[in-house]
Amino acid sequence: MAASGAGQQTGVTGPLSLALPTDAERQATEALVDELKRQNNYESATETSKRSAVLNSLQQITEEFVRHVGKAQGLSDNIVKSLGGKIVTFGSYKLGVIGPGSDIDTLVVCPSNITIEDFFSTFPEILQKMAPPGSIAELTLKPDAFAPIITLKYNGVDLDLLFGRIAIHNQIKKDLVMTTPDLLRGLTDQEVRQLNGVRVAEEMLSLVPEQGVFRAALRAIKLWSSRRGIAGNIYGFPGGVVWAILVARVCQFYPKAVASTIVVKFFQIMKIWQWPMPVMLKPIDYATRIGNLKVWNPKIYPGDRNHIMPIITPAYPSMCATHNVMRSTKEVIYKEVERGGNIAEQIIAGKAQWKDLFTKHTFFTADYKYYLSVITASTSEEAQLPWSGYIESRVRHLVKLLEDHPSIALAHPFNKGFARVHRCHNEAEVEKAKGGSLEHQAKDIATATTGHGLAAVVASSKSDLGNIEQKANSDSTITMVYTTTHYIGLELFPGVKSLDLELLVQRFRNEQCYIWDKYDQQANAITIIHTRNSDLPDDLFEDGEVKPSRKAKKKPTNGAAKKRSATEDSNQAPAKRQQTSVVTAG
């Protein structure tokens, strides 16, 4: 499907080339799509059909929800029948790049008389009533989140439901055009944020020359960024919408190209892009004025001038989607772009295969000698999930502090956390687990990863974890400790022999952690320790990966006692003196 006819310009500039694809480029694209399928990047027709059925059901549930609230408000039958309501998707599903098992980002669009309080109080009730028995699972309401959301599984399909109110409409018709800026009138900043995911996705699709080419290339870039560990806005890396904007911009530069060419050109262009020159899919709309909505403008706003890698959303009000990118994460992105570009060129030359582009990162196996481990801990899952999720959103602030340290060349946050469960029998063991010791880790409970701002449940299901807690509660000698660890790789400047981060770590705790409005000193713990690569936990490594080992040191010849390095105690329970990160280079 073409977004623009022949001769029409998409983007803020004209195309760089209108060359038609060669036979070799078409063959390279076929090989790319085949590899994506081998990587399980496409879902089956059955799963696609199931998603469609779920969305159709949600549309009916939404309409009934709106009618139910209207009746409760005392509106007449005629008005209630005309209220409408609409389900709109965004994210990877809307862009056509969703993979097996991925969730569907969904906006429940309602008329002006419906409030977000109605959404959280009434929608779940209507959902449970209208859905087939047993089809709803893991229903979770998060009204206090930055983006208030309801998450659930419906017939096995994961859904993230956001609420969107249109203040200027008393009726919501199914053909409502979501990109119209006027829809934002009369809304709060939070309500605007709720609508913008849909509006950005729809605007983006209208700005790419060939949607099929865009989707295939975007699948490749998203898989590459995921495998290389450089996806996740909360950690200072590009999120899904950013990778989509970048691929869309390359498609605008080469409107006749096939997907393999777009992937190659993506790396070539991103490698030489002159940051902080912004990436934009269309000129920024400064003429529209709605309320106090702020439009990205570095000429006016000092904060916007600080964005080092600005990538701008196409829907009004245009915003920088990469405001979290930092010096270190930008450098990591550049290194990965350079690596990806070299491999892509070798693929086109017949010297490599597409699978080589998608090999897993080496963050733990080879990239760094020293790491900081940021460990959150609680003695209940109920306390740990919000606490670890909050600290996850703060890790990038620790990275900023580390970047400013005169001895640190690079601070690289890994884009996932690792959630573990520990089974302890006394207070000493509890304190060990909170401090990073794995001595009492429950080996029968698999380590789980967290990411994208959501802390994961650490057992195979919530019911499993509930059973585990129930068993622990029945045995008064057992205390379950739940920890989530985030790792930051450290690259020191040449010649640095030691690094004392005690004051920096304490500043991070005081300014970013303890200020959480729900912080409870009794329930929430945070420990930050240094970890040498050879002391990293075994569960960070997959089968076939080689864990770094410490090089044997020569025995002293003069009989002098060997001084123990601070890094040699990391397998032991961290004493209070160790909970201030000290790295010794050696």
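First, a word on scope: everything that follows refers to the structure included in this document. (Residues numbered from 1 in each chain as written. Predicted model: local features only at pLDDT ≥ 70, side-chain atom pairs only at ≥ 80, totals over all residues. Heavy atoms only, no water.)

Notes on the sheet that holds strand β8 (residues 448-450)
Taken in spatial order, the five strands make up an open sheet running β8-β7-β9-β6-β11, and their pairing is antiparallel. Whereas interior strands pair on both sides, the edge strands pair on one side only; in this sheet they are β8 and β11 (525-532). Across the sheet, the mean angle from the axis of one strand to that of its neighbour is 25°, orientation sign disregarded. For strand β6 (residues 370-378) and strand β9 (residues 479-492), the ladder comprises nine bridges, and the chain directions are antiparallel. Residue pairing across strands places T376 opposite T484, the latter belonging to β9. Its contacts with the sheet put helix α11 (residues 327-348) on β7 (408-424) and β9, and the angle it makes with β7 is roughly 100°. The strands touched by helix α14 (residues 381-392) within the sheet are β6, β8, β9 and β11, with β6 carrying the most contacts at an inclination of about 145°. (Pairing = 2+ DSSP bridges. Helix = DSSP H or I, 4+ residues; strand = E, 2+ residues; numbered from the N terminus. Axes fitted to C-alpha atoms, helices over the stretch in contact; angles between N-to-C directions. Contact = heavy atoms within 4.5 Å.)

Digging into the sheet that holds strand β2 (residues 104-110)
Spatial ordering of the open sheet is given by β1-β2-β5-β4-β3, a layout of five strands whose pairing is mixed. In this open sheet, the two edge strands, each paired with only one partner strand, are β1 (86-90) and β3 (136-142). On average, each strand axis in the sheet is inclined to that of its neighbour by 25°, with strand direction left out of account. Bridge count for β1 against β2 is five bridges, and the pairing is antiparallel. Counterpart to I87 in the pairing with β2 is V108. Across the sheet, helix α5 (residues 116-130) is in contact with β2, β3, β4 (149-154) and β5 (157-165); its angle to β3 comes to roughly 170°.

Details of the pairing of β11
Each regular strand displays side chains that alternate between the two surfaces of the sheet. Counting buried positions over the eight residues of β11 gives eight, a clear majority of the element. The two faces of β11 match: A525, T527, I529 and T531 on one face and I526, I528, H530 and R532 on the other face are all buried. In the sheet, β6 pairs with β11 via eight bridges, with the strands oriented antiparallel. Residue pairing for β11: L372 is matched across the bridge by H530. (Buried < 20%, exposed > 50% of the residue type's maximum accessible area, 1.4 Å probe, protein only.)

Focus on the packing of aromatic side chains
With the rule as written, the count across this model stands at 25 aromatic pairs. Between the aromatic rings of Y390 and W516, the centroid separation amounts to 5.3 Å while the plane-to-plane angle is 20°, which identifies the pairing as stacked. Separated by 126 residues along the polypeptide, Y390 in helix α14 and W516 in the loop between α18 (502-513) and β11 bring together distant segments of the chain. For Y390, a relative accessible area of 14% gives the class buried. (Phe/Tyr/Trp six-rings, centres within 6.5 Å; stacked < 30°, edge-to-face > 60°.)

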